[in-house]
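Here are the chains, one letter per residue:
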Amino acid sequence: IKAASLMSESETERKSRKRKRTYEKEKPWDTDDIDHWKIDPVTKEDPLPPPTEESSFATLFPKYREKYIREFWPQVTKALDNHGLRCELDMVEGSMCVATTRKTWDPYSIMKARDLIKLLARSVPFPQAIKIMNDGMNCDIIKIGNIIRNRDRFVKRRQRLIGPNGSTLKALELLTNCYVMIQGNTVAAMGDFKGLKQVRKISEECMKNVHPIYHIKTLMIRRGLAENPDLANESWDRFLPKFKKKNVKRRKPRKIRKKGPYTPFPPPQLPSKIDLQLESGEYFLNEKKRLQKEREKRSQKRKEKSRTKKEKRMQEFEPPKERSVSRKKTIASQQDIESIKQRLKKKLQSEKPTSDASTFVLSKR
């Protein structure tokens, strides 16, 4: 049995080897000058077979774009007709629709047309949006409105992405080789896949409070390094800047509320207006008595208010309190006077008196 199993294993191995060998055979038509990654362009002269079924895409546009789209719609239909596509504009519903026909010579052109109507709805001008129909051009619509909840903070960070007089946006377009349009809650970008990836990263991180100038600086350094052929096969990490995050102290709130001990039970329900009336007995009173009670409350409040105002007015006419001279101060002042008298007496005794009148006055003192 073992011998039979070994024989069967060897046979299966041989068969698998034979299969591999058939694929490993050299093909005479497969030469080194053939580029297997090359995508052959589809032209009107060399078309692909038309689609068997109709494919369509529709998108809505805002009301403020209605006038512009209506003005440029004949040019849109003409551009899409060259690709064998059909388009419709519904002004009542506010939508644009594109669909394939039997004349469509490139089946992928419907995907490009879908991107075209999306860009037109996102306020991209028609001369720029029509470039999406070219083979090397792609687009990406980045949603930035749902990253931040605070509206004021979102507006400030979106403005940061644009920069003063659009300088940051212009630098971003030059470094990524992409067209960027910021409108409302979205960023519409057009270019190659590499540039679109960079634009998405920068715009999303800008909303997360990372300034775009840091990314622009790294892109500028990368562009300079790419021109040097000696650094083509080396790592660029040592040349790229490393930005450290700073822990900025937050403002402390004016009123710091002290939290009580945690209780899993909810707080007791506050009594309603009817409950309070039942407790006081107002609920069982007649309408007249209830109104009378309310009037009495109002009049009482008015009287209290007028009394407090009157007291404030009367405070202005009250005389200020006199400063009470302490007993210690009076004793000290009397002692000073007596010491002065004694000094004057000694002085006069040492000197000769000028007249009898002066001696009389001093003796009296």
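What you see is a predicted model, and the numbers here were worked out from it, not measured in a lab.

Caption draft 1: Seen up close, unusual backbone geometry. The residue S123 is not glycine, and still its phi comes out positive at about 70°. Structurally, S123 is set in the loop between α3 (109-121) and α4 (126-129). Looking at S123, the relative accessible area reads 9%, which means it is buried. For N209, which is not a glycine, the phi torsion comes out positive at approximately 70°. Mapped onto the fold, N209 is located in the loop between α7 (193-207) and α8 (212-226). The exposure class of N209 is partly exposed, given its relative accessible area of 46%.

Caption draft 2: Seen up close, a positive patch on the surface. A contiguous patch of positive charge on the surface is contributed by K305, K309, K310, K312 and R313. Looking at the secondary structure, you find K305 in helix α10 (residues 287-315).

Caption draft 3: Region of interest: the sheet that holds strand β6 (residues 186-191). Overall, antiparallel pairing links the three strands, which are arranged β4-β6-β5 in an open sheet. This sheet does not close on itself; its edge strands, each paired only once, are β4 (138-143) and β5 (179-183). Strand-to-strand, the axes of this sheet are offset by a mean angle of 15°, without reference to chain direction. As paired strands, β5 and β6 are joined by five bridges and run antiparallel to one another. Residue pairing across strands places I182 opposite V187, the latter belonging to β6. Running at roughly 45° to β4, α3 makes contact with β4 and β6 of the sheet.

Caption draft 4: Here's a closer look at the packing of aromatic side chains. Evaluation of the coordinates by the stated rule reveals three aromatic pairs. Centroid distance F72 to F126: 5.7 Å. Interplanar angle 35°. Geometry classified as tilted. Of this pair, F72 sits in helix α2 (residues 66-81) while F126 sits in helix α4, and the two are 54 residues apart along the sequence. For F72, a relative accessible area of 18% puts it in the buried group. Taking the relative accessible area as the measure of exposure, F126 reaches 6% and is therefore buried. Arranged with centres 5.6 Å apart and planes meeting at 90°, the rings of Y283 and F284 form a pair that is edge-to-face. Three or more aromatic residues link up through ring pairs in this structure, and these residues are Y68, F72 and F126. Over the ring of F57 we find R114, and its NZ or CZ is 5.5 Å from the ring centre.

Caption draft 5: Structural view of the confidence of the model for the protein. Chain-level pLDDT for the protein is 83 on average; 86% of the residues reach the 70-or-more range. Note that pLDDT drops below 50 for residues 354-365; the model gives that stretch three contacts with residues more than four away or on any other chain.

Caption draft 6: Here's a closer look at the packing of α2 against α3. For the pair α2 and α3, the least separation of the axes is 13 Å and the interaxial angle reads 165°. Here α2 is positioned roughly antiparallel relative to α3, judged by the angle of their axes. The interaxial crossing formed by α2 with α3 has right-handed handedness. Counted together, I69, V76 and L80 of α2 and A113, L116 and L120 of α3 form the full contact between these two elements. By residue class, the composition of the contact of α2 with α3 is six nonpolar, no polar and no charged.

Caption draft 7: Inspection of the side chain of T176 at higher detail. Relative to the elements of secondary structure, T176 occurs in helix α6 (residues 167-176). By relative accessible area, which is 3% here, T176 ends up buried. For T176, the residues in contact, after removing those within four places along its chain, are D192, G195, Q198, V199 and L219.

Analysis parameters
Residues numbered from 1 in each chain as written. Predicted model: local features only at pLDDT ≥ 70, side-chain atom pairs only at ≥ 80, totals over all residues. Heavy atoms only, no water. Helix = DSSP H or I, 4+ residues; strand = E, 2+ residues; numbered from the N terminus. Buried < 20%, exposed > 50% of the residue type's maximum accessible area, 1.4 Å probe, protein only. Patch = residues over 30% accessible without salt bridge, like charges linked within 9 Å, V, L, I, M, F, W, Y side chains within 5 Å. Areas by Shrake-Rupley, 256 points an atom, 1.4 Å probe, with all protein chains shown as cover. Salt bridge = Lys/Arg side-chain N within 4 Å of Asp/Glu carboxyl O. Lys, Arg positive; Asp, Glu negative; His and termini not counted. Charge placed at Lys NZ, Arg CZ, Asp CG, Glu CD. Pairing = 2+ DSSP bridges. Axes fitted to C-alpha atoms, helices over the stretch in contact; angles between N-to-C directions. Contact = heavy atoms within 4.5 Å. Phe/Tyr/Trp six-rings, centres within 6.5 Å; stacked < 30°, edge-to-face > 60°. Lys NZ or Arg CZ within 6 Å of the ring centre and 35° of its normal. pLDDT = per-residue confidence, 0-100. Parallel < 35°, antiparallel > 145°, perpendicular 65-115°, else oblique. Left-handed = near helix turned anticlockwise from the far one by under 90°. Nonpolar A, V, L, I, M, F, W, Y, C, P; charged D, E, K, R; others polar.

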